[in-house]
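# Secondary and tertiary structure notes
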Amino acid sequence: MAKIEKFEDLEIWRLAREICQKIEFLIQNTNLKTNYSLKDQIDRSSGSIMDNIAEGFERNGNREFIQFLSIAKGSAGEVKSQSYRAFDKKLITEEQHSKLNEIVELEKNKIGAMMNYLNNCEIKGLKFK
């Protein structure tokens, strides 16, 4: 893996940002905006993916990074579940729900791959910076 200088260089962070942007689009352009609790919940969960990746990267090595990635992956699961709730309540369309779940599932897989890489890295406590 090439040396990564900042969290913005991580593909998993950029994908998390894209998820946040998709959520914001749905909030602004669908009936999701009418359900304040679900809107706030899915917005916080998507932000948690992005923020935990960044915070974990800025910590002291791969052991802490893995812990934060685990939280980020859990938050991705929350977004996926909340997408089902929004669809079931007819706040978003089936197509919007499917597209969101597709990108969230991709993110979960990529986070899992990064966790696996860090777990199997020969240099324990690896710092990217």
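Below is a short write-up of the structure. All values derive from a computational prediction rather than experimental measurement.

Another point: the overall build of the protein. Regarding its fold elements, the protein presents four helices and zero strands. Secondary structure elements of the protein, listed N to C terminal, follow the sequence α-α-α-α. Whereas a compact globule of 129 residues would reach a radius of gyration of roughly 14 Å, the protein reaches 16 Å, a difference of no more than 12%. Seen through its principal axes, the protein has C-alpha atoms that stretch 50 × 20 × 20 Å. A burial count over the protein gives 45% of its 129 residues as buried. Accessible surface computed for the protein: about 7300 Å², of which carbon and sulfur atoms make up 46%. In the protein, 21 positive and 20 negative side-chain charges are present, and the distance between their average locations comes to 2 Å.

We now examine the layout of surface pockets. In this structure, the largest pocket spans a volume of roughly 170 Å³. Lining the largest pocket are Lys-22, Phe-25, Leu-26, Glu-95, Gln-96, Lys-99 and Leu-100. Elements with a minimum of two residues in the lining of the largest pocket: helix 1 (11-29) and helix 4 (94-120). Broken down by element, the residue count for the lining of the largest pocket peaks at four residues, all from helix 4. Residue composition of the lining of the largest pocket, grouped by class: three nonpolar, one polar and three charged.

By size, the foremost hydrophobic cluster in this structure holds 36 residues, and its most contacted members are Leu-10, Leu-32, Ile-49, Ile-53, Leu-69, Leu-100 and Ile-111. Secondary structure elements with two or more residues in this core: helix 1, helix 2 (36-58), helix 3 (62-88) and helix 4. In terms of residues, this core owes the most to one element, helix 1, which gives nine residues. For Leu-10, the contacting residues outside a window of four places in its chain are Ile-4, Ile-53, Phe-57, Phe-65 and Met-114.

Going through the model one piece at a time under the given rule, you end up with two aromatic pairs. Relative to Phe-65, the ring of Phe-57 has its centre 6.1 Å away and its plane inclined at 80°; by these criteria the two rings are edge-to-face. The residues Phe-57 and Phe-65 share a single accessibility class, namely buried.

Moving on, we get to the packing of helix 2 against helix 4. Each pair of packed helices can be described by the angle between their axes along with the distance between the axes. One can describe the packing of helix 2 onto helix 4 by two numbers: an axis separation of 13 Å at closest approach and a directional angle of 30°. The pairing of helix 2 with helix 4 is recorded here as roughly parallel in orientation. As for how helix 2 packs across helix 4, the hand of that crossing is left-handed. In this structure, helix 2 contributes Ile-42, Ile-49 and Ile-53 to the contact, and helix 4 contributes Leu-100, Glu-107 and Ile-111. When its residues are assigned to classes, the contact of helix 2 with helix 4 shows five nonpolar, no polar and one charged.

A word on the pattern of salt bridges. By the definition in use, this model includes six salt bridges. A salt bridge links Glu-95 to Lys-99; the shortest N-O distance between them is 3.1 Å. In this pair, Glu-95 and Lys-99 are both assigned in helix 4, four residues apart and thus about one turn of the helix distant. The network of salt bridges with shared partners includes Glu-55, Arg-59 and Glu-64.

Reading the values: rules and limits
- Once a new chain begins, its residue numbering starts again from 1 and follows that chain's sequence as written.
- In view of the model being predicted, local features appear only for residues whose pLDDT reaches at least 70, and side-chain atom pairs are presented and counted only at 80 or more, with totals across whole chains, interfaces and linings using the full set of residues.
- With hydrogens and water set aside, each side-chain value is computed from the structure's full complement of heavy atoms.
- Strands are runs of DSSP state E lasting at least 2 residues, helices are runs of H or I lasting at least 4, and numbering of each runs from the N terminus.
- Put simply, the radius of gyration uses C-alpha atoms, and a globule should come to 2.2 Å times the residue count raised to 0.38.
- Note on classification: 1.4 Å probe, protein chains only; a residue is buried when its accessible area is under 20% of the maximum for its type, exposed when over 50%, partly exposed between these limits.
- Under the convention used here, a 1.4 Å probe and the Shrake-Rupley method define accessible areas, while residue burial counts only the protein chains that appear.
- The convention is simple: Lys and Arg are positive, Asp and Glu are negative, and His and the chain ends are not counted.
- Charge positions come from single atoms, namely NZ of Lys, CZ of Arg, CG of Asp or CD of Glu.
- Grid points spaced at 1 Å over the protein atoms alone were grouped into cavities, where a 1.4 Å probe fits but cannot get out, and pockets, open sets with protein on both sides within 12 Å along at least five of seven lines, with lining residues defined by an atom within 4 Å of a point.
- Grid points are joined across faces, edges and corners, and a volume is the space filled by probe spheres set on the points.
- When residue character is reported, Ala, Val, Leu, Ile, Met, Phe, Trp, Tyr, Cys and Pro are called nonpolar, Asp, Glu, Lys and Arg charged, and the others, Gly included, polar.
- Each nonpolar core is a collection of buried residues, namely Ala, Val, Leu, Ile, Met, Phe, Trp, Tyr and Cys, held together in the definition by side-chain atoms within 4.5 Å.
- The contact rule is simple, with two residues in contact once any of their heavy atoms fall within 4.5 Å.
- Here is the rule: rings of Phe, Tyr and Trp (six-membered ring for Trp) pair when centre to centre is within 6.5 Å. Planes less than 30 degrees apart are stacked, more than 60 are edge-to-face, and the remainder are tilted.
- All axes are obtained by fitting lines to C-alpha atoms, using only the stretch in contact for helices, and the reported angles, taken between N-to-C directions, cover 0 to 180 degrees.
- Any angle that falls under 35 degrees is termed roughly parallel, while one over 145 is termed roughly antiparallel, one within 65 to 115 roughly perpendicular, and all others oblique.
- By definition, any crossing whose near helix is turned counterclockwise from its far helix by less than a right angle is left-handed, and any crossing with a clockwise turn is right-handed.
- Here a salt bridge means any side-chain nitrogen of Lys or Arg lying within 4 Å of a carboxyl oxygen belonging to Asp or Glu.

Spatial relationships are all this shows, so hold off on functional conclusions.
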